[in-house]
Amino acid sequence: MSLSSAPMEDGPEAVSDAPGGIVDSADWREAVTARAPSLRAFAWSLSRNGADADDLVQETLTKAWIYRHRFQPGTNLRAWLFTILRNSWYSSVQKRRREVEDGEGHHAARLTAEGSQEWSVELNALKLALDDLPPEHREAIVMVGAAGLSYEEAAEIAGCALGTIKSRVNRARNRLAEALDMPRGAN
């Protein structure tokens, strides 16, 4: 079927959807943009707003261009474009349902998040201080302080006496407090 003998589905601006109708990028662009008025009318019927309809048509044309390799020649280009438009519309409706109306900014003003920079610096300092501990002290403080094991469990795992593990934990705490400029507590 030649371009001139294509059925007039969209009026005089119609371009063939037949396999021979879209040959290269210029033909594709012409075929798609020829349907823009119909797409806009459909978009307006969904959104009831001129600006939203224009945005929807623009999104549809962009997606059609990006995914043009998925269009199967010989199928109905108009239906393919309308499907993209309809699916884009439904996606935007779903997205708006999840949005919170906050014209005055009251909700946004209540949302706060503490800065993570200070915690990041402190965590890095703790890692460096732990690395500076002797291995047996680091092991003891991690088992008791971080893993939450009892002194008895830590002593059993380390294979040493209960008093030895208590001493290692105490020394590790004191060295960490000194390295991190923290007050030392009595243990």
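An account of the accompanying structure is given in this report. None of these values were measured; they are calculated from a predicted model. (Residues numbered from 1 in each chain as written. Predicted model: local features only at pLDDT ≥ 70, side-chain atom pairs only at ≥ 80, totals over all residues. Heavy atoms only, no water.)

### Examining the packing of helix α1 (residues 25-33) against helix α4 (residues 77-98)
If you want to describe how two helices pack, look at the angle between their axes and the distance between the axes. What counts here: Every axis corresponds to a line fitted to the C-alpha atoms, with the helix fit spanning only the stretch in contact, and the corresponding angles, defined between N-to-C directions, vary from 0 to 180 degrees. Helix and strand labels come from DSSP, where a helix needs a run of H or I of at least four residues and a strand needs a run of E of at least two; each type is numbered from the N terminus. Roughly parallel refers to an angle under 35 degrees, roughly antiparallel to one over 145, roughly perpendicular to one between 65 and 115, and oblique to any angle outside these ranges. Less than a right angle of anticlockwise turn of the near helix away from the far helix marks a crossing as left-handed, whereas a clockwise turn marks it as right-handed. Contacts between residues were defined by any pair of non-hydrogen atoms, one from each residue, lying within 4.5 Å. Any residue outside Ala, Val, Leu, Ile, Met, Phe, Trp, Tyr, Cys, Pro, Asp, Glu, Lys and Arg is labelled polar, Gly included; the first ten of those are nonpolar and the last four are charged.
At their nearest, the axes of α1 and α4 sit 10 Å apart, and the two run at 70° to each other. Accordingly, the angle class assigned to the pair α1 and α4 is roughly perpendicular. The interaxial crossing formed by α1 with α4 has right-handed handedness. In this structure, α1 uses Trp28, Ala31 and Val32 to contact α4, whose residues at the interface are Leu77, Trp80 and Leu81. Class assignment of the residues belonging to the contact of α1 with α4 gives a composition of six nonpolar, no polar and no charged.

### Thoughts on the pattern of salt bridges
Quick reminder of the rule: Throughout this description, the term salt bridge denotes a Lys or Arg side-chain nitrogen within 4 Å of a carboxyl oxygen of Asp or Glu. Remark: exposure states derive from per-residue accessible area (1.4 Å probe, protein chains only) relative to the maximum for the residue type, with buried under 20%, exposed over 50%, and partly exposed in between.
Applying the stated criterion across every chain, the model contains two salt bridges. Linking arginine 40 and aspartate 54 is a salt bridge whose minimum nitrogen-to-oxygen distance equals 2.4 Å. Taken together, the residues arginine 40 in helix α2 (residues 36-47) and aspartate 54 in helix α3 (residues 50-66) connect sequence positions 14 residues apart. Judged by its relative accessible area of 38%, aspartate 54 falls in the partly exposed class. A salt bridge links lysine 63 to glutamate 59, with the shortest nitrogen-to-oxygen separation between them at 3.0 Å. Of this pair, lysine 63 and glutamate 59 both sit in helix α3, four residues apart, roughly one helical turn. A relative accessible area of 26% places lysine 63 in the partly exposed class.

### What about the nonpolar core?
What counts, and what does not: We define a nonpolar core as any set of buried Ala, Val, Leu, Ile, Met, Phe, Trp, Tyr and Cys residues linked to one another through side-chain atoms lying within 4.5 Å.
With 18 residues, the main nonpolar core has Trp28, Leu39, Ala43, Leu77, Trp80, Leu81 and Leu85 as its most contacted residues. Put simply, the parts of the chain that give this core at least two residues each are α1, α2, α3 and α4. With eight residues, α4 is the largest single contributor of residues to this core. In terms of nonpolar packing, the next biggest core, distinct from the first, is built from 14 residues, Leu130, Ile141, Cys160 and Ala172 among them.

### A short note on the packing of aromatic side chains
The cut-off we apply is this: Note on aromatic pairs: the rings of Phe, Tyr and Trp (six-membered ring only in Trp) are paired at centre separations within 6.5 Å, and the planes decide the class, stacked below 30 degrees, edge-to-face beyond 60, tilted for the rest. Placement of a positive charge over a ring is assigned whenever Lys NZ or Arg CZ falls within 6 Å of the ring centre and within 35 degrees of the normal to the ring plane.
By the definition in use, this model includes four aromatic pairs. Measuring from centroid to centroid gives 5.6 Å for tryptophan 28 and phenylalanine 71, while their planes differ by 55°, and the two rings are tilted. Within this pair, whereas tryptophan 28 is found in helix α1, its partner phenylalanine 71 is found in the loop between α3 and α4, the two being separated by 43 residues in sequence. Like tryptophan 28, the residue phenylalanine 71 is buried in the burial classification. Ring geometry for tryptophan 28 against tryptophan 80: centres 5.8 Å apart, planes inclined by 70°, an arrangement best described as edge-to-face. Of this pair, tryptophan 28 sits in helix α1 while tryptophan 80 sits in helix α4, and the two are 52 residues apart along the sequence. We note that tryptophan 28, like tryptophan 80, is buried. An aromatic cluster of at least three residues, connected via ring pairs, comprises Trp28, Phe71 and Trp80. Above the plane of the ring of tryptophan 65 lies arginine 68, whose end atom (NZ or CZ) is 3.9 Å from the centre.

From the geometry alone we can't say anything about function, so treat these as descriptive.
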